[in-house]
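Each chain, written out:
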Amino acid sequence: MKNTNQVIDNFFADISNSIRKNRIIFSVALLTVVAFIPALGLPSYILRIGVMIMIYAILALGLNIPTGYTGQVSIGHAGFFSIGAYTSAILVTQAGWSMLPAMVAAAAIAGIFGFLLGLPTLRVSGTYLSICTLGFAEIVRMAVLNWDTLTNGPMGIKNIPYPTVFGVEMTLRNYGAYYMILVMLVMTSVFVHLIINSKIGRAFRSIKEDELASMMMGVFTMKYKILSFVLSAIISGMAGAFYAHFMRYIDPNSFTFDTSILILSIVILGGMGTMRGMFLGAIILVSFPEALRFLEQYRFVFYGLVLVIMMRYRPQGLLGWRSKSPYEFPKGVDPDKIARGFNNSSSQNKMI
Amino acid sequence: MSLLEITSIVKKFGGLTALNNVSLHIEEGEIVSLIGPNGAGKTTLFNILTGINEIMHGEIIFEGKAIQNKPPQDIVKLGISRTFQNIRLFQNMRVVENVLIGTHINTEYNFFDALFRTKKHRQQEILKAETAIRLLKAIGLEHRMHDYASDLSYGEQRKVEIARALATGCKLILLDEPAAGMNQQESANLLMFIRELRDNGYTVFLIEHDMNVIMNISDRIYVLDYGVMIAEGKPEEIANNPEVIKAYLGGVIEDAVS
Amino acid sequence: MYPGMQQKKLMFWRYMFNGLAVGMAYALVAVGYSLVFGILRLINFSHGATYTFGAHVVLFFIGYQTNIWLALSASVLFTGILAVGTNKFALEPLRKKKSPPIASLITTIGVSYIIQNLLMVFMGSERKSFPNMLDIPKLDLSGLPITEPQFFLFTISFALFIILTLIVHKTSIGLAMRAVEQNTKAAHLMGINVNQVITFTFFLGGASAAIAGVLMAGYYQLVYPTMGFLIGMKAFTAAILGGIGVMHGAFAGGLIVGLAESFASGYIGGTYRDAFAFIILIIILIIKPTGLFGKKTITKV
């Protein structure tokens, strides 16, 4: 199996190496294609699947920060998704807010809970932390179920207004919802890319690799673990807000353990710690039950199988290869020149 | 004033006394070795120095500041860094990224600088990248900087660990068995490199089993045995110290020197 | 005495016995977590689903008018095999590959998901009534604040717990289990067949979960595929609370969780009942992850 994995990795790494050289062109082309999908005049249920894929891709990008990069496995991300959805739905339906500020508030409140959930990382790690995240999601679900006055309990919140941007309703019919979530997905991707490719992202990854060594090199691991949860929660909360308005109805059963597992399965199938994997994972796992309707009842069995099989045969995920292209130094650094310039009489020069 | 001054520290794990009333001092620009049989408490001493383990009694003064029982990050910031006996590199990160993690503590930009790619962010990233490349060049690994750490040989990995520790901007570097797993040629190169470090103003404190290395490189040697410091002195003094020879079951050191 | 006071006292004892009975069953499930953790340092997330499976096997056989004892034996056997199979086909390959602990955790989550959802497909996701097997013998408990099902749930669970403890502490396979727990490598060098011990441990955990599943299904007279999720988490809480890996820890933890839940839902309100276990869990994980009787582990650098 190891060899098969190497062959697959090699194959993909070669392709990605060639894409990398023209990656701006490639991204623009890909984005154009995705942007023109609605123009094909597809039935609206297909567009709906497209929107769901993008919502879950955002959720996966969010979960990927603590789980994929930082190595803190969360099996309770439905909790943040739920908090975001309920916050926005309540602010819009009960307090008369408009959608965009409500969405910002949803992200902020989810972020606060992300901070709270990050706190246990001060004391527990590994499996225990995962169990804490699960406990968190369950407590959120029970609070939502029981806090009738605010959440309408098990009845859920109905007739949530469509997403609106500057007074324009974003629906599937006018493609507004599709483009809105597409913009959100692009923004999230750019956000994650910027953070991961900085000292913050390096700190995250070093924690996943070896937390003690990371600490011994001066990384405030606690701070970064909490930060990973906060960022993740903000992204998930934002996705939740959109979800509430897009579906127009939410109840406690929209955000269960199943939801958490679906998000985790996407991250693992696509490849923990990669961004490309999140898109592919979301496409496969969200469209799968729709594409194979006759297998509908097996969909959760399938998610379980994804987890088990991937862990055994390809823990790095479908797209989890190691890059073959050289490390990208910031613009203005010529590694070869620096290396050459330090050729002779090294004892004369200060090394740092 | 010594760079590092350890005064009668005591460390117990449950009922076991790992370090009993241990004192030592290290002057700036010295290469000091710590030797002793397995289980003598050498790594424990390193762990205490770098803030992994806490002590109940005693004092550790680094550059005039008490650092005992401080969090590891604070100690790194003050200027002590280390390598590990069992290599602890970030295996799935590239070599240069490993070294960049070392620069993390002195990389001065915040979250928003990173998010908006401010000038500060760009300048700092360039500066640290250059530092990392220079360090790798200095240790002779510039040709492997793009590789993933796990693809390197054992000896190379040890070197990356040293580069990573230096990248923190430390004054005192603690090397935990740096020559372990290296062949003759590699450990000879390592010796040269450690001397170069000293010549560049670093102070080196190392644990080592390879007596060749120890006797050749050390300005002074401390000998730890079952948590007690039994001897201190120049290499030739240590080699002729009967107690040390007893601790090592005799002979080994003399062979190494002669 | 005022009648009101009498009533209050009665309620107190009712909560007490309810808590003890349910808590004893939690303890029985908690043992499964503890045994596996002790040997593999792994939290077997699929344990809750194993418990559910046990109850469903009995339901399946009862559907064919099978004798209840036969159904129960079949359940113990099949559930034990399921647990052993989980280890053989999902976990053992990971150990051979030296995968990180996270891989095993995710795998057991996946397994729990597969079991639970296959049960849904084949047995239906609705809540099904389960015969109350616990009040078959007639006892005169009138006047006492304890019901017959509570009495039997407690007694049978307690008896089983004692049997499990005896197996671990008084038999040769139990000795081997403890040896592997202490030091797997040394146990292997001393000629203990470690894989066999692991298999046996999973079987024991599966079998006790099956019995607990049947007992609880009989107690609530309900069976459904997701029943193991909450119980699993509560039992896990119990195991952690007592100190995972320790038999008497599971016992104490189970009773504390059962009692806390019973009293809290009695005096504070039932709607939040299920949240208590999670709150206890998070608090204990943060304050003292080793639990009441757990051993401290030292990380080696």
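A brief look at the structure comes next. Note that the coordinates shown come from a computational prediction; the quantities given were computed from them, not determined experimentally. (Residues numbered from 1 in each chain as written. Chains lettered and ligands numbered in written order. Predicted model: local features only at pLDDT ≥ 70, side-chain atom pairs only at ≥ 80, totals over all residues.)

Comments concerning the overall build of chain C
Here is step 1: Along the backbone of chain C there are 11 helices and 2 strands.
Here is step 2: Start at the N end of chain C and walk to the C end: the helices and strands fall as α-α-α-α-β-α-α-α-α-β-α-α-α.
Here is step 3: A compact globule built from 301 residues would reach a C-alpha radius of gyration of about 19 Å, and chain C, at 19 Å, matches this within 12%.
Here is step 4: For chain C, the spread of C-alpha atoms along the principal axes amounts to about 65 × 50 × 35 Å.
Here is step 5: Looking at chain C as a whole, 52% of its 301 residues qualify as buried. (Helix = DSSP H or I, 4+ residues; strand = E, 2+ residues; numbered from the N terminus. Rg over C-alpha atoms; globule rule 2.2 N^0.38 Å. Buried ≥ 20, exposed ≤ 12 C-beta atoms within 10 Å, placed from the backbone.)

Things to note about the nonpolar core
Here is step 1: Core analysis: the largest hydrophobic core is formed by 288 residues, its most contacted members being Ala57 and Ala60 of chain A, Leu136 of chain B together with Ala27 of chain C.
Here is step 2: When residues in this core are grouped by element, the largest group, 18 residues, is from helix α1 (residues 3-40) of chain C.
Here is step 3: Taken together, domain 1 (1-79 + 170-258) and domain 2 (89-167) of chain B each give at least three residues to this core, which thus spans both.
Here is step 4: The contact partners of Ala27 of chain C, leaving out residues within four places of it in the chain, are Ser157, Phe161, Ala238, Ala250, Phe251, Gly254 and Leu255 of chain C. (Core = buried A, V, L, I, M, F, W, Y, C linked by C-beta atoms within 7 Å. Domains from an automatic or database assignment. Contact = placed C-beta atoms within 7 Å.)

Considerations on the environment of Leu174 of chain B
Residue and element names in this part refer to chain B.
Here is step 1: Locating Leu174 in the fold gives a position in strand β7 (residues 172-176).
Here is step 2: Residue Leu174 is classed as buried on the basis of its 25 C-beta neighbours within 10 Å.
Here is step 3: Leu174 has contacts with Phe46, Leu49, Thr50, Ile80, Arg82 and Phe205, leaving out every residue within four places of it along the chain.

Some details on the interface of chain B and chain A
Here is step 1: Counting from both sides, the interface comprises 48 residues of chain B and, opposite them, 36 residues of chain A.
Here is step 2: Where the side of chain B that touches chain A is concerned, the elements lending two or more residues are α2 (72-78), α3 (95-103), α4 (111-116), α5 (119-138), α6 (154-166) and α7 (184-199) of chain B.
Here is step 3: The greatest single-element share of the side of chain B that touches chain A, amounting to 12 residues, is contributed by α5 of chain B.
Here is step 4: A per-class count over the side of chain B that touches chain A returns 20 nonpolar, 13 polar and 15 charged. (Nonpolar A, V, L, I, M, F, W, Y, C, P; charged D, E, K, R; others polar.)

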